[in-house]
Every structure is written in C-alpha cells, then in structure tokens.
Amino acid sequence: MTTANISDLFKHNREWADQMNRDRPGFFTGLVEQQSPRYMWIGCSDSRVPANQITGLDPGEVFVHRNVANIVVHSDLNALSAIQFAVEMLRVEHIMVVGHYGCGGVLAALHGKRIGLADNWIRHIQDVRDRHRSLLESIAPEKRADVLVDLNVIEQVVNVCVSTVMVDAWAAGQKVSIHGWAFGVHDGLLKDLNMTVANPDAMEHLYRDAVDGVWAARK
Ligand code: CO
C-alpha cells in the first residue's frame, strides 16, 4: 500500500497527464469532443475493483456506476438514471454487472452482521440469500460467501434486464447485452458467470442455467 497524501495525488495527476500527452498527442483534445463508450460497468465501490484498470480501457471507453455491493434496485434513481443515460444517450452495447469475491457488503449480508445505515442497502443481498437459501445451505460454509457473490451478480443482471430502460430499449430493437461477471481480488482475474442476456426472451433459461452453474462449480 502506498502512503500517498493529497499533494501526491495532484503530483501523480500532472505526471499522468504529461505522460499521456507525450505518448498519445491529442488524446485529451479528442476526449473533449464527446464520450462514446461501448461499455457500461456496474460494480462495487470497493477500492480494489477499478473498472478501467481491470479491463485495460482508456478514459472515454467505459461508463461506470459503482455502489456498495453492485446492487441495482428499481427505486434507485441514481442507478436507473445512469443506466438510462448509458443506453439511450451513449448507446452502449454492453452492460456488465461485476461483483467481487471478498465483498464486505455480501459478507455482512450473509452473516446478518449489522454495520449501520448500509444495513438497509444490504437487505437487498439478504433477499438474494433468502431466495437461494436451500442452495446456499447445500454448500460448504466456507464457500458460501463466494456463491452469494455470484448469485448477487446474477440477480442484479436480472434487475437490469427487467428495468424500464432495458424493456424499452429491447422493444425498440436496440442491441444491448447484459453480462454478469465476478472479479477475484486475490488473482486480479474476471470470471464470466455465463449470464449474458441479449434479449428478454432468453433471460429466464439463462438465469436458471447460471444459477445451476454456480451450484455445480462449488458443490
Ligand atoms: Co464489494
């Protein structure tokens, strides 16, 4: 871990901007014109899961929404506004919901640990836990946190798919795929949870197969 202080952040920033200008002249003037990302990333706020670095994407290439435990709730105007902007204005082609192993929000939900205001937020993951209680109980206790990370991603992919934004976009024939991934903080690798939904008709069987896949991989 670095012990960077605030003045270091400005120093690093100037160095980064200088380096970018040297390596790729005109990079920033190009960005000024407009952003036209093909990707939207919905991830956890966790500092260990930075969307651009993990995927090797430059500024301008991924539209990012992050919150505690990568949850998409139908009453959350923040997430829904971000999704709407990404789909309708930026015309992204892919939305990835990305969980990560060792997620504090998921662990708190799994163990029913009280942490404060966020308990009300994490309740959404407890709903996921309760929906899959029999599956979780059939798995060794030490594997349950990772399984709940995967299940939470799969459920949040469904929530994106059934959002008004996506229902309307797909009805209008727009091509957008929703993906479910999980990131390993321990190895830096992304895992595809095989929950890639490109049209609403495919969602239900993909959901069942993805949940079965999670169970089969960890049983
Ligand atoms: Co997390």
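Above this note sits the structure.
Residues numbered from 1 in each chain as written. Predicted model: local features only at pLDDT ≥ 70, side-chain atom pairs only at ≥ 80, totals over all residues. Heavy atoms only, no water.

Draft legend 1. The arrangement of the coordination of the cobalt ion in detail. Taken together, C44 (SG), H100 (NE2) and C103 (SG) make up the full set of protein donors to the cobalt ion, lying 2.0 to 2.3 Å away. Here the donor residues for the cobalt ion map to a single chain with the spacing C-x55-H-x2-C. Of this pair, C44 sits in strand β1 (residues 39-44) while C103 sits in the loop between β3 (94-100) and α5 (104-111); the two residues are 59 residues apart in sequence, bridging distant segments of the chain. Like C103, C44 is buried. (Donors = N, O, S within 2.8 Å, 3.2 Å for Na, K, Ca; no water. Helix = DSSP H or I, 4+ residues; strand = E, 2+ residues; numbered from the N terminus. Buried < 20%, exposed > 50% of the residue type's maximum accessible area, 1.4 Å probe, protein only.)

Draft legend 2. Region of interest: unusual backbone geometry. Positive phi, normally seen in glycine, also occurs at R91, with a value near 55 degrees. Inspection of the secondary structure assignment puts R91 in the loop between α4 (77-89) and β3. By relative accessible area, which is 49% here, R91 ends up partly exposed. Positive phi, normally seen in glycine, also occurs at N194, with a value near 55 degrees. Position of N194 relative to the elements: it lies in the loop between β5 (190-192) and α10 (203-218).

Draft legend 3. Structural context of the environment of S134. If you trace the backbone, S134 turns up in helix α7 (residues 133-137). Measuring from C-alpha to C-alpha, the distance between S134 and Y39 comes to 35 Å, with 95 residues separating the pair along the chain.

Draft legend 4. Spotlight on the sheet that holds β5. The sheet built from five strands is open, its strands ordered β2-β1-β3-β4-β5 with mixed pairing. Looking along the sheet, the strands with just one partner apiece sit at the ends: β2 (62-67) and β5. Within this sheet the neighbouring strands show an average axis-to-axis angle of 25 degrees, counted without direction. When strand β4 (residues 177-183) meets β5, the two strands line up antiparallel, connected through three bridges. Bridged to F183 within β5 is L190. (Pairing = 2+ DSSP bridges. Axes fitted to C-alpha atoms, helices over the stretch in contact; angles between N-to-C directions.)

Draft legend 5. Spotlight on the pattern of salt bridges. Under the definition given, this model contains 15 salt bridges. Among the salt bridges present, the one from R114 reaches D119, with a minimum N-O distance of 2.4 Å. We classify R114 as exposed; its relative accessible area is 70%. Using a relative accessible area of 13% as the deciding quantity, one classes D119 as buried. One salt bridge in this structure joins D130 and R133, with 2.8 Å as the shortest N-O distance. D130 sits in the partly exposed class, given a relative accessible area of 29%. (Salt bridge = Lys/Arg side-chain N within 4 Å of Asp/Glu carboxyl O.)

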